[in-house]
Amino acid sequence: MSNPVLENLKTRRAIRKYLPRQVEQEKLDLILEAGTYAPTGMGMQSPVIIAVQNPQAVQKLVQLNAKVMNSDSNPYYGAPTILLVLASSERGTRVEDGSCVLENMMLAAHSLGLGSCWIHREREMFESSEGKELLRQWGITEPLTGIGALALGYPDGDAPQPKPRKEGYVVKVL
């Protein structure tokens with residue numbers, strides 16, 4: 001059986017090299033909207049999505065994330081857009097909620113011909129005084145926990161091939 005949603009799920013891959021071409025506003029808005037339709041615990045919509053395309057702000061995020069890694073590399077692989085997902089620190093389902101948002105946005109991006117890669121260390125970034133100050137500069141003052149981010153942009157090259165699915169991945173109890 002052929003199904004475009006299932007095909008999208010099977011062909012999406014983490015992209016780790018991007019063209020410098022910026023994501024168009026129309027596509028970005030569709031991806032962000034997809035994130036807002038992710039399931040959340042009790043429908044509370046605890047996550048906050050922050051879309052960053054300003055080059056100086058992107059560079060600041062690169063520096064903050066690299067600092068957590070104790071590295072000078074670009075943890076966002078040169079992507080021109082970074083989508084941050086934070087969630088209310090008061091919600092017990094914040095990690096699950098934010099993870100669903102990130103997955104929805106990755107799938108939406110792939111369906112629109114864009115590449116993405118889930119990036120970690122946002123929790124540590126936004127627990128730091130520098131990260132908290134950056135959020136304040138952006139007008140965000142509620143207590144939020146960093147869940148993850150997406151490097152987002154046009155892939156520079158072909159997507160990697162999928163790894164074979166592991167034995168025992170699915171157990172059926174019928």
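Description of the structure in this document. (Residues numbered from 1 in each chain as written. Predicted model: local features only at pLDDT ≥ 70, side-chain atom pairs only at ≥ 80, totals over all residues. Heavy atoms only, no water.)

### Remarks on the overall build of the protein chain
So, step 1. The number of helices and strands found in the protein chain is six helices and four strands.
So, step 2. Starting at the N terminus and walking to the C terminus, you meet the elements of the protein chain as α-α-β-α-β-α-β-α-α-β.
So, step 3. Here the C-alpha coordinates of the protein chain stretch approximately 50 × 40 × 35 Å along the principal axes.
So, step 4. Per-residue burial for the protein chain yields a buried fraction of 40% across its 174 residues.
So, step 5. In the protein chain, the proportion of contacts linking residues at least 24 apart, taken out of those at least 6 apart, comes to 86%.
So, step 6. Just so you have it, the protein chain exposes about 10400 Å², and 53% of that area is on carbon and sulfur atoms.
So, step 7. Once the 19 positive and 19 negative side-chain charges of the protein chain are each reduced to a mean point, those two points are 6 Å apart. (Helix = DSSP H or I, 4+ residues; strand = E, 2+ residues; numbered from the N terminus. Buried < 20%, exposed > 50% of the residue type's maximum accessible area, 1.4 Å probe, protein only. Contact = heavy atoms within 4.5 Å. Areas by Shrake-Rupley, 256 points an atom, 1.4 Å probe, with all protein chains shown as cover. Lys, Arg positive; Asp, Glu negative; His and termini not counted. Charge placed at Lys NZ, Arg CZ, Asp CG, Glu CD.)

### Some thoughts on the pattern of salt bridges
So, step 1. Scanning all chains against the criterion turns up seven salt bridges.
So, step 2. With a closest N to O distance of 3.9 Å, Lys17 and Asp156 form a salt bridge. Taken together, the residues span a long stretch of sequence, with Lys17 in the loop between helix H1 (4–11) and helix H2 (25–36) and Asp156 in the segment after strand E4 (144–153) at a distance of 139 residues.
So, step 3. Residue Asp156 is classed as partly exposed on the basis of its relative accessible area of 32%.
So, step 4. Each of Lys60, Lys67 and Glu130 takes part in one network of salt bridges that share partners. (Salt bridge = Lys/Arg side-chain N within 4 Å of Asp/Glu carboxyl O.)

### Observations concerning the sheet that holds strand E1 (residues 47–52)
Strands in a sheet are paired, the pairing made by backbone hydrogen bonds, and the direction either parallel or antiparallel.
So, step 1. Spatially, the four strands line up as an open sheet ordered E1-E2-E4-E3, and their pairing is antiparallel. Two strands in the sheet have a free side with no partner beyond their single neighbour: E1 and strand E3 (115–119). If you compare each strand with its neighbour and ignore which way they point, the axes differ by 20° on average.
So, step 2. The sheet contacts of H2 involve E1, strand E2 (81–88) and E4, and relative to E1 the element is tilted by about 165°. (Pairing = 2+ DSSP bridges. Axes fitted to C-alpha atoms, helices over the stretch in contact; angles between N-to-C directions.)

### Some points on H2
So, step 1. For H2, built from twelve residues, the straight-helix expectation of 16 Å at 1.5 Å per residue is met to within 8% by its first-to-last C-alpha distance of 16 Å.
So, step 2. Every buried residue of H2 is listed here: Leu28, Ile31, Leu32, Ala34 and Gly35. Mapping the buried residues of H2 onto a view down its axis gives an arc of 155°, with all of them on the same face.
So, step 3. In this structure, the buried residues of H2 make contact with E1, E2, helix H4 (94–111) and E4. (Expected span 1.5 Å × (residues − 1). Arc of directions from axis to C-beta.)

### Focus: the nonpolar core
So, step 1. Within the largest apolar cluster, 24 residues are counted, with the highest numbers of intra-cluster contacts made by Val52, Leu61, Tyr76, Ile82 and Leu84.
So, step 2. Secondary structure elements with two or more residues in this core: E1, helix H3 (55–69), E2, E3, helix H5 (122–127), helix H6 (129–137) and E4.
So, step 3. Looking at this core element by element, the count peaks at five residues for H3. (Core = buried A, V, L, I, M, F, W, Y, C linked by side-chain atoms within 4.5 Å.)

### Comments concerning the packing of aromatic side chains
So, step 1. A full pass over the atoms with the stated rule returns zero aromatic pairs.
So, step 2. A cation over a ring is seen here: Arg21 above Tyr154, with NZ or CZ 3.8 Å from the ring centre.
So, step 3. When the ring centre of Tyr169 is taken as reference, the NZ or CZ atom of Lys166 above it lies at 5.1 Å. (Phe/Tyr/Trp six-rings, centres within 6.5 Å; stacked < 30°, edge-to-face > 60°. Lys NZ or Arg CZ within 6 Å of the ring centre and 35° of its normal.)

### Section: the layout of surface pockets
So, step 1. Its volume calculated, the largest pocket comes out at about 290 Å³.
So, step 2. Taken together, the residues of the lining of the largest pocket sort by class into four nonpolar, one polar and six charged.
So, step 3. Here the second largest pocket defines a volume of roughly 180 Å³.
So, step 4. Forming the boundary of the second largest pocket are 13 residues, of which Lys132, Leu135, Glu142, Pro143 and Leu144 lie nearest the centre. (1 Å grid on protein atoms, 1.4 Å probe; cavity = no way out; pocket = protein on both sides within 12 Å on 5 of 7 lines; lining within 4 Å. Points joined across faces, edges and corners; volume = space filled by probe spheres on them. Nonpolar A, V, L, I, M, F, W, Y, C, P; charged D, E, K, R; others polar.)

### Some points on the state of the cysteines
So, step 1. Considering all chains together, one arrives at zero disulfides under this definition.
So, step 2. Among the cysteines around Cys100, which has no disulfide bond, Cys117 carries the closest sulfur, lying 18 Å off. (Disulfide = S-S within 2.5 Å.)

Purely spatial values, then, with no claim about function.
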